[in-house]
Amino acid sequence: MILPDYRGGSIVNLMASISRGLGAPRIGLPEARLLPAHQIGRARHVVLLMLDGLGYEYLAGHRDALLCQHLLGELTSVFPSATAIAVTSFATGLTPRQHGVTGWHMYLEELDRVCTILPFRDRVTRESIAEVDPDAVRVLKQPPLANLLDAETHLVMPAEIADSTYNLATGGLAWRHGVADLADYVDTVAGLVQSAGGRQYIYAYWPRLDSLAHQYGMASTEVQAHFAALDAAFDELRRELAGTDTLLLVTADHGLIDTTPDGVLEVADHPALEETLALPICGEPRAAYCYVRPGREEDFLNYVQGPLAGWCDVHTPGELLQAGWLGPGPAHPRLSGRLGDYVLVMRDNRVIHQRLSGDEPFSQIGVHGGTSGAEMRVPLMAAHCV
């Protein structure tokens, strides 16, 4: 089991280094040991490529990759080791404890809805929350890092998500640029730097490796081919940025681990468990928040520690918060309501899934959100393009 290292070894600490290096007020977290703020502050431009799903252990199996020539070392993700939580830390510089985004599915008590947070839709009805309640975006409002930096800030990501409710809420004053494909991604980042009139920070998000891993698994030829394309794209961008005094950084939000069909725990197959639940399971397939009906706590625990023994470990939110899994700092005022009554952390490569009406069957092969090394450890690469 690998836990987040918020003392200087996590992606949140990388953001502390970037924020201080680019003139933002201190946010109370240690800088990254691998890359202190003074090294970032020397560069005219800072570009952070965030390659969703590129775990350190996967990269370590490709030592001939061009990315490895610029490897500084490894960082940890956050908990859960998943995109929704991590990208909010990238956008705000805050720990999960502080920003309050806790999973792909979240119960928002202020709306009394279970939401799928990045598309910002009701988990049950699939309605857009922003359409149901135009002011509902308030639940995502955290101080965007883009508003604090002493640099012009740009966000680069696929066009279909560039202007999403989530990115509008967390992007702040940053300029947003939607791209069509990987070549456009490289060209857009290079063009922004080459045409810059002053200092810039560019956060460039690319999700394709993660989506292929979900569909085909980390060991698939599809993931291998796309990793090779990413490696070549990094080298092309590095060459395009030569002479611009740009610090080109590459990291990820999490890695993935492959599961198997017999490692999927379908809640519907366990009616004695399902009837103890007051709400659909929230969080991630590898880290689930369970809201238990009043008076059914003993039944819930007896089932988890009996028939499900060996599948998962059960914790109270208080135990995880006290142990620092979600980081230091002042807790988000709504945090406790977003963690359920109990947290199930799945063992080995197992997942838990609750299929609601209209859902497709669970079909992911590559999964994340847990505490395995493959999920929790991510690389940090740096190339100074002078």
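Now for a look at the structure at hand. All values reported here derive from a predicted model rather than from experimental measurement.

**So, the packing of aromatic side chains**
Applying the stated rule across the entire model yields 6 aromatic pairs. Residues F90 and Y203 carry aromatic rings whose centres are separated by 5.9 Å and whose planes lie at 35° to one another, so their mutual orientation is tilted. Placement of F90 in helix 4 (residues 83–92) and of Y203 in strand 8 (residues 200–206) is noted, with a sequence separation of 113 residues between them. Residue classification places F90 among the buried positions, given a relative accessible area of 3%. Given a relative accessible area of 9%, Y203 falls into the buried group. With centroids separated by 5.3 Å and ring planes inclined at 25°, the aromatic side chains of F300 and Y342 adopt a geometry described as stacked. Here F300, found in helix 13 (residues 297–305), pairs with Y342, found in strand 15 (residues 342–346); they are 42 residues apart in sequence, far enough to count as distant. You can call F300 buried: its relative accessible area is 0%. For Y342, a relative accessible area of 13% gives the class buried. Positioned over the ring face of W311 is R350, at 4.5 Å from the centre of the ring.

**Considerations on the pattern of salt bridges**
One pass over the full model with this rule turns up 20 salt bridges. E110 serves as the salt-bridge partner of R338, at 2.8 Å between the closest nitrogen and oxygen. A residue pair is termed long-range when its members are at least 10 positions apart, and R338 in the loop between helix 14 (317–323) and strand 15 and E110 in the loop between strand 3 (105–108) and strand 4 (113–116) qualify at 228 residues. With respect to burial, R338 and E110 carry one shared label: buried. For D163, the salt bridge goes to R176, with nearest N and O atoms at 2.9 Å. Pair noted here: D163 is in the loop between helix 7 (159–162) and helix 8 (165–171) and R176 is in strand 7 (residues 175–179), with a separation of 13 residues, a long-range link.

**Brief notes about the sheet that holds strand 8**
Whether parallel or antiparallel, the strands of a sheet pair through hydrogen bonds between backbone atoms. If you walk across this open sheet you meet the 7 strands as 2-18-9-1-8-6-7, and the pairing is mixed. Two strands bound the open sheet, and with one partner strand each, they are strand 2 (71–76) and strand 7. Across the sheet, the mean angle from the axis of one strand to that of its neighbour is 20°, orientation sign disregarded. Strands in contact with helix 4 are strand 1 (45–51), strand 8 and strand 9 (246–251); relative to strand 8, the strand with the most contacts, it is inclined by about 170°.

Cut-offs and rules
- Residues numbered from 1 in each chain as written.
- Predicted model: local features only at pLDDT ≥ 70, side-chain atom pairs only at ≥ 80, totals over all residues.
- Heavy atoms only, no water.
- Phe/Tyr/Trp six-rings, centres within 6.5 Å; stacked < 30°, edge-to-face > 60°.
- Helix = DSSP H or I, 4+ residues; strand = E, 2+ residues; numbered from the N terminus.
- Buried < 20%, exposed > 50% of the residue type's maximum accessible area, 1.4 Å probe, protein only.
- Lys NZ or Arg CZ within 6 Å of the ring centre and 35° of its normal.
- Salt bridge = Lys/Arg side-chain N within 4 Å of Asp/Glu carboxyl O.
- Pairing = 2+ DSSP bridges.
- Axes fitted to C-alpha atoms, helices over the stretch in contact; angles between N-to-C directions.
- Contact = heavy atoms within 4.5 Å.

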